[in-house]
Amino acid sequence: MRRSGIALAAAVASTGLWWVSSASADSTGVTDTAIKIGFVGSMTGPAAIWGSGNMAGATLAFEELNAAGGINGRKIEFITVDDETSAPKGIAGFNRLVQSDKVFAVFGPSSSAVGVPMKATMAKSEVPVLIPTFSSPLMTEPPTKNIFRVGTLNDRMQGRGIANYLVDHEKKQKIAILRQSDEYGATGGNAVTERLKELKIAPVANEIFNASDTDFTSQILRVRSANPDAIVVYGYPAASSIITRQLREVGVKADIIGSSATSNQNYPELVGKIGAGTKFVSNLEHLPESDFPAMKKFRESFQKRFPDLARQARPALSDVLGYNGALTMAEAIRRAGKDLTREGYMKALESLDGFSTGIALPAYLSADNREGNTKMYIAIIKDDLTREVLPGAIEAK
Amino acid sequence: MDILQLIASGIPAGVMYSLVALCIVLIHNGTNVVHFGYGDQIAFAAYLVVIVQTFGGAPLWVAIVSSIFISAIFGLFIYAAILAPLRRTPLLVQIIATLAIGTALREGMRAFMGPDPWPFPALVTPKIFDLGGVFVTSANIAAVAIAFVITAALFMFFKLSKYGQAIIAACENAKGASIVGISVSKVFAGIWIVASVIAAISAVLMAPVLTLSPEMGLIGIKGFCAAILGGFTSLPGAIVGGILLGLIETAAGYYISTAAKDVVAYSVLIGVVIFRPQGLFGKAQLKKV
């Protein structure tokens, strides 16, 4: 009886152990020679600005890694799905990658409009997800076990960083905010307002615009009437460039600062000479066109691999962040060792404490933090329409 | 002073809608088809300028002339390859075809030219005129002036020329027109070519102001609203409809709230449709029973 009791206890314990070990030893998508990584992102539709770059950057990173022998002897097999900038298609694409293609981990998506509605599906799947670009804080605040972000700075932090910069560094007191009407603009614009409130400053104007609008006269005249000494424009590049031009055209001379969405290298030409002096948030210490050695090396490899994208004056920020995200993913897979499991990979991501790929800001992740980057730089459009990152990182917490 | 600036900025904004509305009305008057892809056709013509100038290394004027020429051929292609074969299908099928043309152009441009906006060369030297505190730009003056010239030319063409009269005849009664010797298919092809040439001219005026991106074509929706406001059959109505829409949007945003700008502007549009379904310049259609 006693013996059988011990046997029973051992059986229970071993069953329990088996369950524990099966949960932690989930190595779906991993074989002796390959690791399946899924990519879901916007290759078409308005968010293709980011999605196509994320995929191009990641493709280059994985091809280079594979050419160098892979990670711990395994090659990366990259399976891609286009969400067409549609949340339902993003969810369907994510499910396809997880359920049919049985990928080990997912890279993407590329825009807040698609990513935020996907969060519940991602969380339920328990498949590790690494976000390389989009900036909604809803993905990491509060943290979800399997969702990580590196490279970019979330909009809440970005808004706070802009307010800190204008008040602490530039000593501005009369600040106007022009923000896009969607989730992107609301999060960033409201974060500026909140931080200003903490600094005992009320914005002199707070105006809203639609991303697809082509005329912003009413917003601009309201801002002009408030006579600000600095204007925050939190929106996508096309709308932000028209706003910047129109502000100058009606004689507004206040400093203008845009969100990181305006940090693409052709933005100065979109705005034109009239926009010289406009500032923007940069998620990079070294811009894609800079001669910083690591960036120059990346740019040359990228343009050789994608001559058609080079023709579009790329690499752009999204290409850099795609490459950076993929290399960060690869580093965590390498750290997770030969016995690769999802649990081990997520633990390895948590161990990235200041890991840098050399081309983007370092990732600081931990057991209770899924937001890799908390810093930003301010860059300026110069008179000859080149861009320059101003010295000194800004803490965005 | 702000009200003068509202007018000075609202009119050019509205003229952008007018240019789109003008050709939506022209095509509709001529062929009965509502071209929902017209905005994208304008964006396509603007991309053609960039392609010829940037990749072909041609001077701006060569790029513009090439764009006008290619647009004309493209207009003929739309008619000959897509809408002529569909002429016996229900009107709805033809309208869906124009939507498909627009979407294919937009996504094609995104695939070939990339999703990022492109800088577009200014047609006139960028200058800002300070008229006693009211600021007006050279680009906006050019857009307004050229829009009026195009409208006047079209108006005279339809009123005074024999070919214009033939088009009106073909539109009103295709069968009767063909009996008296008017080639209806040639008239339709002509309308598509003219509308496509105007698309290229509008592209050159709009792109430096609106920023060239695949989404620029979405201005077609505003043009459609302007056309409804103006009466959908009247060319001067399309111009006035566009300017009114621009002014209403601007004034609503300024005096009420920028968040409610579209709500107010489109409520006005719905009001017009309800209380004056023929639009501001259209004629009421009476049917005898």
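Residues numbered from 1 in each chain as written. Chains lettered and ligands numbered in written order. Predicted model: local features only at pLDDT ≥ 70, side-chain atom pairs only at ≥ 80, totals over all residues. Heavy atoms only, no water.

**What about the overall build of chain A?**
A tally of helices and strands in chain A yields 13 helices and 15 strands. In terms of overall size, chain A behaves like a compact globule, its C-alpha atoms giving a radius of gyration of 23 Å where 397 residues would be expected to give roughly 21 Å. Overall, the C-alpha framework of chain A stretches about 90 × 50 × 35 Å when taken along its three principal axes. A total of 397 residues make up chain A; the buried ones form 59% of that total. Once local pairs closer than 6 in sequence are excluded, the contacts in chain A between residues at least 24 apart make up 68%. Working note: accessible area of chain A is about 15,100 Å², and carbon and sulfur atoms make up 56% of it. Across chain A, the 45 positively charged side chains and the 42 negatively charged ones have centroids separated by 3 Å. (Helix = DSSP H or I, 4+ residues; strand = E, 2+ residues; numbered from the N terminus. Rg over C-alpha atoms; globule rule 2.2 N^0.38 Å. Buried < 20%, exposed > 50% of the residue type's maximum accessible area, 1.4 Å probe, protein only. Contact = heavy atoms within 4.5 Å. Areas by Shrake-Rupley, 256 points an atom, 1.4 Å probe, with all protein chains shown as cover. Lys, Arg positive; Asp, Glu negative; His and termini not counted. Charge placed at Lys NZ, Arg CZ, Asp CG, Glu CD.)

**Thoughts on the confidence of the model for chain A**
Summarising the model, chain A shows a mean pLDDT of 91, and 94% of its residues fall at 70 or more. Scored below 50 in pLDDT, residues 11–23 of chain A makes zero contacts in the model with residues more than four places away or belonging to other chains. (pLDDT = per-residue confidence, 0-100.)

**Details of the side chain of A:Thr328**
Residues and elements named next belong to chain A. Mapped onto the fold, Thr328 is located in helix α12 (residues 317–336). At a separation of 2.7 Å, a polar atom in the side chain of Thr328 contacts the main-chain carbonyl oxygen of Asn324. Sequence-distant contacts of Thr328, defined by excluding residues within four places in its chain, comprise Val150, Leu352, Phe355 and Thr357. (Polar contact = N/O pair within 3.5 Å; in protein donor to acceptor, adjacent residues only side chain to side chain.)

**Brief notes about the interface of chain A and chain B**
Counting from both sides, the interface comprises 37 residues of chain A and, opposite them, 40 residues of chain B. Roughly 3,100 Å² of surface becomes buried between chain A and chain B when both sides are summed, with 55% attributable to carbon and sulfur atoms. Summed over the shared surface of chain A and chain B, the result is two salt bridges. At the junction of chain A and chain B, the tally comes to 17 residue pairs in polar contact (both at pLDDT 80 or more). Listed by contribution, the elements that provide at least two residues to the side of chain A that touches chain B are α2 (48–67), β7 (205–209), α7 (217–226), α8 (237–249) and α9 (267–271) of chain A. (Buried area = accessible area lost by both parts, 1.4 Å probe. Salt bridge = Lys/Arg side-chain N within 4 Å of Asp/Glu carboxyl O.)

**A word on the side chain of A:Asn164**
Residue and element names in this part refer to chain A. Within the element layout of this structure, Asn164 appears in helix α5 (residues 155–169). A residue is classified by how much of its surface remains accessible, and Asn164, at 9% relative accessible area, is buried. Side-chain polar atoms of Asn164 contact the backbone oxygen of Glu395, separated by 3.4 Å. Filtering out sequence-adjacent residues up to four positions away, Asn164 remains in contact with His169, Arg195, Leu199, Glu395 and Lys397.

**Comments concerning the environment of B:Gly237**
Residue and element names in this part refer to chain B. Counting through the fold element by element, Gly237 comes out in helix α10 (residues 235–255). Between the alpha carbons of Gly237 and Ile167 there is a distance of 19 Å; along the sequence they are 70 residues apart. Each residue touching Gly237, except ones within four places of it in the same chain, is listed here: Gly230 and Phe281.

**Here's the deal with the sheet that holds strand β2 (residues 75–82) of chain A**
Residue and element names in this part refer to chain A. Judged by pairing direction, the sheet is parallel, and its five strands sit side by side in the order β2-β1-β3-β4-β5 without closing on themselves. The open sheet terminates on both sides in strands that have one partner only, identified here as β2 and β5 (147–149). Mean inter-strand twist for the sheet, computed between neighbouring axes without regard to direction, equals 25 degrees. This element, α12, spans β1 (34–41), β2, β3 (105–107) and β4 (129–131) of the sheet and lies at about 160 degrees to β3. Packing against the sheet, helix α13 (residues 342–350) makes contact with β3, β4 and β5, and its axis sits at approximately 35 degrees to β5. (Pairing = 2+ DSSP bridges. Axes fitted to C-alpha atoms, helices over the stretch in contact; angles between N-to-C directions.)

**Quick word on the environment of A:Phe39**
All names here are of chain A. Mapped onto the fold, Phe39 is located in strand β1. The spatial distance from the C-alpha of Phe39 to the C-alpha of Gly108 is 5.9 Å, given a sequence separation of 69 residues. The residues contacting Phe39, other than those within four sequence positions of it, are Gly51, Asn54, Met55, Phe78, Ile79, Thr80, Val81, Leu97 and Phe107.

**Concerning the packing of helix α5 (residues 138–160) of chain B against helix α8 (residues 184–210) of chain B**
All names here are of chain B. Two elements in contact, α5 and α8, have axes whose closest approach is 9 Å; the angle formed by their N-to-C orientations is 165 degrees. On the basis of the axis angle, α5 is roughly antiparallel to α8. You can see that α5 and α8 cross each other, and the crossing is left-handed. Contact residues: α5 offers Ala139, Asn140, Ala142, Ala143, Ile146, Ile150 and Leu154, while α8 offers Val194, Ile198, Ile201, Leu205 and Val209. Taken together, the residues of the contact of α5 with α8 sort by class into 11 nonpolar, one polar and no charged. (Parallel < 35°, antiparallel > 145°, perpendicular 65-115°, else oblique. Left-handed = near helix turned anticlockwise from the far one by under 90°. Nonpolar A, V, L, I, M, F, W, Y, C, P; charged D, E, K, R; others polar.)

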